[in-house]
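# Structural features, examined
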Amino acid sequence: MITGASGMIGSALTAELLAQGHQVRTMTREEDTGDYVWGARPGTVPEMALTWADALVSLNGVSLSRLPWTQAYQYQIVASRVDATTALAQAIATSSDPPKVWVSGSAVGYYGDTEDADLEEYSPSGKSFLAQVVRAWENATKPAEEKTRVVLARTGLVLSEQGALKPLIATTRAGLGSRIGPGTQFWPWISLIDEVRAIAYCLDNKSLSGPINLVGPQPARSLGITRAVARALNRPHLLVLPSAVIRVLMSGADELLLSSQKAHPRALLDAGFTFTHPNAGEAISSLGLG
């Protein structure tokens, strides 16, 4: 059972799970697009949706790339994640036959801005807005922990033609390839292929529970990623987008680009997961942008 199945990750995950021979159903907020309908808030989860499923994957939340982050939109960022997750946790806690495993979407934003510090799953949380959001998001799963194995999938920047890379690809293709801020900040990345493979791996591997960093094994600085995009497009990379300008343009959302998180996938590696794309350059080259 997947919530958020129509998004970039959800669509790719559905295809991956079907290819592996699983049956997949979806739970959506519109009757004509999913197998089950819910309201993404407590009291709206159909019991049949949970009793049917051996495994649940929830990928809830409005887009972080929509700007500006007004006070009203910050409320949506929180509510769309926490309310939906609370609803699922409460439904699992009271279900007569809940899923055996629940992979709940999360984010490496949990750690805040940590500069060059090495981050593994039990590194402390940060103090930024996103760190507070992710803490509340993860805490909302707690009612389900006695009934099912809960995995908190802390995803990084997913390298795909869609999602967070889309505007970077567009500006670079237009000849505006730029260093983003200092360029030294670590962007915790993962290829879309490895993102969905890692989620599927978490479903199957009973040793995995709690926070799991879904990031590539070789940390990359933002300058390395923006240069790799320019290289893949065979376009120049000559400009600089100063931090001060980013703070003005992004209206409070600048932590998306300027925060540094040198996260490592320790739990996945210890569990034996192997990455298709071990470094960001290979992941970007595989997109065939040129």
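The text that follows walks through the structure, step by step, so that each part is easy to find. Remember, it's a predicted structure, so these values are computed and weren't measured experimentally.

## A closer look at the overall build of the protein chain
In terms of helices and strands, the protein chain carries eleven helices and 13 strands. Against the 2.2 N^0.38 benchmark of 19 Å for 290 residues, the protein chain shows a C-alpha radius of gyration of 19 Å, consistent with a compact globule. Referenced to the eigenvectors of the C-alpha coordinate spread, the extents of the protein chain come out at roughly 60 × 40 × 40 Å. When burial is assessed residue by residue, the protein chain has 52% of its 290 residues classed as buried.

## Brief notes about unusual backbone geometry
In the segment running from L67 into P68, the intervening peptide bond is cis, with an omega of 0°. Along the chain, P68 falls in the loop between strand 4 (55–58) and helix 3 (71–94). Its identity is not glycine, yet S251 carries a phi of approximately 50°, on the positive side. The residue S251 is located in the loop between helix 8 (243–250) and helix 9 (255–258) in this model.

## Here we look at the packing of helix 5 (residues 165–173) against helix 7 (residues 222–233)
Between helix 5 and helix 7, the shortest axis-to-axis distance is 10 Å and the interhelical angle comes to 55°. Here helix 7 runs oblique to helix 5, going by the angle between their axes. Remark: the crossing between helix 5 and helix 7 carries right-handed chirality. Across the interface between the two elements, L165, L168, I169, T172 and R173 of helix 5 pack against T226, V229, A230 and L233 of helix 7. Split by residue class, the contact of helix 5 with helix 7 holds six nonpolar, two polar and one charged.

## Details of a nonpolar patch on the surface
Judged by side-chain polarity, L176, L238 and L239 come together as a nonpolar surface patch covering roughly 320 Å² of accessible area. Relative to the helices and strands, L176 is located in the loop between helix 5 and strand 9 (177–180).

## Some remarks on the pattern of salt bridges
Counting across every chain of the model gives seven salt bridges. The shortest N-O distance in the salt bridge between E138 and R154 comes to 2.7 Å. Linking E138 in helix 4 (residues 129–139) with R154 in strand 7 (residues 149–155), this pair joins segments that are 16 residues apart in sequence. The two residues E138 and R154 agree in class, both being buried. One salt bridge connects D194 with R197, and the closest N-O pair in it is separated by 2.8 Å. Separated by three residues within a single helix, D194 and R197 lie in helix 6 (residues 192–204), roughly one turn from each other. One network of salt bridges, in which partners are shared, links E120, R266 and D270.

## Quick look at the pairing of strand 5 (residues 101–107)
Within strand 5, seven of the seven residues are buried, which leaves it mostly tucked inside the rest of the structure. Along strand 5, one buried face is formed by V101, V103, G105 and A107 and the opposite face, lined by W102, S104 and S106, is buried too. As paired elements, strand 4 and strand 5 share four bridges and run parallel to each other. Residue pairing in the sheet places L56 in a bridge with W102 of strand 5. On the question of chirality, the crossover connecting strand 4 to the parallel strand 5 by way of helix 3 is right-handed. Note: strand 5 against strand 7, seven bridges, orientation parallel. Paired with S106 across the two strands is R154, which belongs to strand 7.

## Overview of the side chain of N60
Mapping N60 onto the fold places it in the loop between strand 4 and helix 3. Only 3.0 Å separates the side chain of N60 from the side chain of T3, close enough to count as a polar contact. When near neighbours in sequence (up to four residues on either side) are disregarded, N60 contacts T3, W38, S80, R81, A84, T85, L88 and W137.

## What about the packing of helix 1 (residues 8–19) against helix 6?
Relative to each other, helix 1 and helix 6 sit at 60°, their axes nearing to 9 Å. What the angle tells us is that helix 1 and helix 6 run oblique. Both helix 1 and helix 6 take part in a crossing whose hand is right-handed. Contacts between helix 1 and helix 6 pair M8, I9, A12, L13, E16 and L17 from the former with L192, E195, V196, R197, I199, A200 and L203 from the latter. Of the residues belonging to the contact of helix 1 with helix 6, the class tally is ten nonpolar, no polar and three charged.

Rules used in this analysis
Residues numbered from 1 in each chain as written. Predicted model: local features only at pLDDT ≥ 70, side-chain atom pairs only at ≥ 80, totals over all residues. Heavy atoms only, no water. Helix = DSSP H or I, 4+ residues; strand = E, 2+ residues; numbered from the N terminus. Rg over C-alpha atoms; globule rule 2.2 N^0.38 Å. Buried < 20%, exposed > 50% of the residue type's maximum accessible area, 1.4 Å probe, protein only. Axes fitted to C-alpha atoms, helices over the stretch in contact; angles between N-to-C directions. Parallel < 35°, antiparallel > 145°, perpendicular 65-115°, else oblique. Left-handed = near helix turned anticlockwise from the far one by under 90°. Contact = heavy atoms within 4.5 Å. Nonpolar A, V, L, I, M, F, W, Y, C, P; charged D, E, K, R; others polar. Patch = residues over 30% accessible without salt bridge, like charges linked within 9 Å, V, L, I, M, F, W, Y side chains within 5 Å. Areas by Shrake-Rupley, 256 points an atom, 1.4 Å probe, with all protein chains shown as cover. Salt bridge = Lys/Arg side-chain N within 4 Å of Asp/Glu carboxyl O. Pairing = 2+ DSSP bridges. Right-handed = clockwise from strand over helix to strand, strands pointing away. Polar contact = N/O pair within 3.5 Å; in protein donor to acceptor, adjacent residues only side chain to side chain.

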